[in-house]
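So you can see what is in the structure, the chains are spelled out below.
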Amino acid sequence: MSHPLLNREVTKRLSQVKLPGRILFLTEDPELIRKQLAGWDLPWDTANSANNPKLRDDISTDEITPAHYCFYFDETLGEIPYLGLKCGSEMPIGRGDVKRGGFVAAVSGKRRGKGSSREQSPYAELCAGIKLVIAENIERIYKQNCQNLGVLTSTDFSLIAKIRGGEEIPLAQFTLGEDEITRQVIEYGGLFPFNVARLQGKVSLPPITTPKRPMTVAEKIFAKHMMNGPEQVGVDAVKPGDTGFARTDLRFSHEYVTPMSAIFYEQYVGKDVPVNDSKTVLFFRDHLTFLDEVISEEKKKIGLLDLAGQLKLKQESFAKAQGIKLHGELKDRKGSEGICHSIIAESYALPGQLNVGSDSHTPHVGAVGCVAFGIGTTDVFNSWITKDVRVKVPESVKIVIRGKRHPNVTAKDLILKILSLDYVRSGQALAKVMEYAGEAVEALGVDERATMTNMAAEIGGFTGIVAPDQKVVDFLGERRGMARADAERLIVGLASDPDANYAHVIELDAKEIHPMVATPGDPGNGKYIRDLHTPVPVEIAYGGTCTAGKNEDMDMYAAVLKDALAQGKRVAESVQFYIQFGSQETREYCVRKGYLEIFKNAGARVIEPSCGACINAGPGVSTRPEQVVISAQNRNFPGRSGPGQMYLASPLTVAASAVAGHIVEYEPQTEMAAVR
């Protein structure tokens, strides 16, 4: 094999780590954070945690690096960390505060780094001087991004005293309990130097020797894709904890991540070195198409809109140089070809595949029966070199929803219910495969199943999957024109064995689940609409994004608005209702079904495809803290879609609330065959 990296020098880190610097405790009390930024070191009792102030839980990557600042893809990010961190009603950290403070470690509570897969978050921390993150538990993608960049992570709070005492800490303390590959990634100081050592034959990859055993559907797909030597792909069986590299079928990224990955690739590999198998790499321009309509004048003045334009240009030039397919902007009107997850599901993903993407919602396509998961910037550019990704086979959780759901209950209500469960909220589902099953799930179409697999990201799961069945065969025939016999062959054997092992089984009764909302702040804040004590007026209703911009979602918006028109009603005058397609294919579907006329007559504004409001980059974002939004998107973390109060809900609830002017359950007036 001839490769420019074969002659590159690579060495391991020192066996002892010394972390000279201060520790930043991310507390719920904003005043304590301000005092630390001003130079005061917060006392910390490692022996008795009850004596310590409460740390912030559920810190999302949106809070570490708010979306608009991810337009930077260089060391400028070091001025950004925690700009969106909300403590009570305050955001106590300003631009450059962390870097000026001389902090070497940051400490927080449960579920550190939840949400987006953006590697800008740990990269911003690293560039600000943070070398170690300590938390009670840490989300999978964020933790892997830290490891890939060389940022140390730990759940051991006793390290606080050692750092403050100036002690050297054995590197082995940070690799304790990790699999052999992760240990070596940490020892080499990141994924890229590890992969260089791997290409040079300097690292040891543990063979997978698991004997044949009952497996879940996800485990079967992993087994088929795990590398077994330098070129051979596939092993007899895997079990949770097996580690190795998995050969990918598809690798994709969007304009938020491609430029940073491209710069890393050109810097560390070479501008003239072709990526590995470019025909299985896809790029998307789907996140920032409508940014100019909502970005503030203040952000324009500091050049953020121009920076966003540079992201687009860098992706385009790299795609052209490498011969990579780019699903880009429309030529004849504003908008994009579609959101990456929507297009991958409609046009590319196949049952039994293993796909990776630069977005935490990559599990979306688990609805067609493949294993798909999000990766960060460093994983993306390394996959361009090797065509594989580092994998530790995860445990699976089986979520069985039995019975028949109520006509006004959708997949979104089911997943909001799951997100509200203690098992999920406590972090016990982190990094596990969510396998959805049961009569209520089997009754869902592929689009609706995608809502549930998509939001495995909000659970903090590794991925979500539904074993492929005749609904998937129908989907491939209708959307791809695939011959039925060919589709049938793809799903053979793709079911969990009856005696497969699960880390946990959750059983729910569909008839006990009613329309839900997630109250502002977190998708896990689920409650039944009927349990809201007072009416909640809304100013903005938003239906769209990858989660809710699919064909079946459009069926639901149309069903509600058609009912409203039949009763002489329209969208309430106090509400702006936006409906945004996930792809051009979905737009054409709406044209064929006559939905555009229904949407227009009812007073909804239709928007071409883009991620848009979901990432504070398109119509539908809030502009004032007191503004109430009801949205069918997947996340309502503080500041993610503007400063307002966002409730998450199903397409039915969003449309019904837009008509009523306040949050309500949808009560069907006509038969909803398309929804059931």
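Scroll up to find the structure.
The rules behind the values
- Residues numbered from 1 in each chain as written.
- Predicted model: local features only at pLDDT ≥ 70, side-chain atom pairs only at ≥ 80, totals over all residues.
- Heavy atoms only, no water.
- Helix = DSSP H or I, 4+ residues; strand = E, 2+ residues; numbered from the N terminus.
- Rg over C-alpha atoms; globule rule 2.2 N^0.38 Å.
- Buried < 20%, exposed > 50% of the residue type's maximum accessible area, 1.4 Å probe, protein only.
- Contact = heavy atoms within 4.5 Å.
- Areas by Shrake-Rupley, 256 points an atom, 1.4 Å probe, with all protein chains shown as cover.
- Lys, Arg positive; Asp, Glu negative; His and termini not counted.
- Charge placed at Lys NZ, Arg CZ, Asp CG, Glu CD.
- Pairing = 2+ DSSP bridges.
- Axes fitted to C-alpha atoms, helices over the stretch in contact; angles between N-to-C directions.
- Polar contact = N/O pair within 3.5 Å; in protein donor to acceptor, adjacent residues only side chain to side chain.
- Core = buried A, V, L, I, M, F, W, Y, C linked by side-chain atoms within 4.5 Å.
- Salt bridge = Lys/Arg side-chain N within 4 Å of Asp/Glu carboxyl O.

**Thoughts on the overall build of the chain**
Then comes step 1: The secondary structure content of the chain amounts to 27 helices and 24 strands.
Then comes step 2: The C-alpha radius of gyration computed for the chain amounts to 24 Å, which stays within 12% of the reference 26 Å derived for 676 residues, consistent with globular compactness.
Then comes step 3: Each of the three principal axes of the chain carries a C-alpha extent, and together these read 75 × 60 × 50 Å.
Then comes step 4: Looking at the chain as a whole, 64% of its 676 residues qualify as buried.
Then comes step 5: A separation threshold of at least 6 residues defines the contact pool for the chain, and within that pool the share at least 24 residues apart is 75%.
Then comes step 6: Counting every atom, the chain has about 24400 Å² of accessible surface; 49% of that belongs to carbon and sulfur.
Then comes step 7: One finds the centroid of the 79 positive side-chain charges in the chain at a distance of 2 Å from the centroid of its 84 negative side-chain charges.

**Brief notes about the sheet that holds strand β12 (residues 371-374)**
Then comes step 1: Spatially, the five strands line up as an open sheet ordered β10-β9-β8-β11-β12, and their pairing is parallel. Where the open sheet ends on each side, the last strands, each with one partner, are β10 (325-327) and β12. Direction aside, neighbouring strands of the sheet carry axes that sit 20° apart on average.
Then comes step 2: Seen against the sheet, helix α13 (residues 304-322) touches β8 (250-254), β9 (281-284) and β10 and runs at an angle of roughly 155° to β9.

**Points about helix α15 (residues 377-386)**
Then comes step 1: Among the ten residues that make up α15, ten are buried, leaving the element largely enclosed by the rest of the structure.
Then comes step 2: Of all the positions in α15, only T377, T378, D379, V380, F381, N382, S383, W384, I385 and T386 are classed as buried.
Then comes step 3: Positive backbone phi, approximately 70°, marks K387, located one or two places after α15.

**As for the side chain of D277**
Then comes step 1: Looking at the element boundaries, D277 is found in the loop between α11 (258-268) and β9.
Then comes step 2: Judged by relative accessible area, D277 falls into the buried class, the value being 19%.
Then comes step 3: At a separation of 2.6 Å, a polar atom in the side chain of D277 contacts the side chain of K279.
Then comes step 4: Here K387 takes part through its side chain, which lies 2.7 Å from a polar atom of the side chain of D277.

**A short note on the nonpolar core**
Then comes step 1: Grouped together as the largest cluster of nonpolar side chains are 121 residues, with contacts concentrated most on Y82, F222, V238, Y265, L288, F373 and W384.
Then comes step 2: Dropping the residues within four chain positions of it, L288 is found in contact with F71, E255, Y256, A308, L311, S610, I615 and A617.

**Some points on the pattern of salt bridges**
Then comes step 1: For the structure shown, the criterion picks out 50 salt bridges.
Then comes step 2: Between K220 and D497 there is a salt bridge; the shortest N-O distance is 3.0 Å. A residue pair is termed long-range when its members are at least 10 positions apart, and K220 in helix α10 (residues 217-225) and D497 in the loop between α22 (484-491) and β17 (504-509) qualify at 277 residues.
Then comes step 3: D497 sits in the partly exposed class, given a relative accessible area of 23%.
Then comes step 4: A salt bridge links R605 to E293; the nearest nitrogen and oxygen atoms lie 3.3 Å apart. Residue R605 is found in strand β22 (residues 605-607), and its partner E293 is found in the loop between β9 and α12 (297-301); the two are separated by 312 residues along the sequence.
Then comes step 5: Accessibility expressed as a relative area gives 38% for R605, which makes it partly exposed.
Then comes step 6: Within the structure, one salt-bridge network assembled from shared partners comprises D332, R333, R587, E588 and E608.

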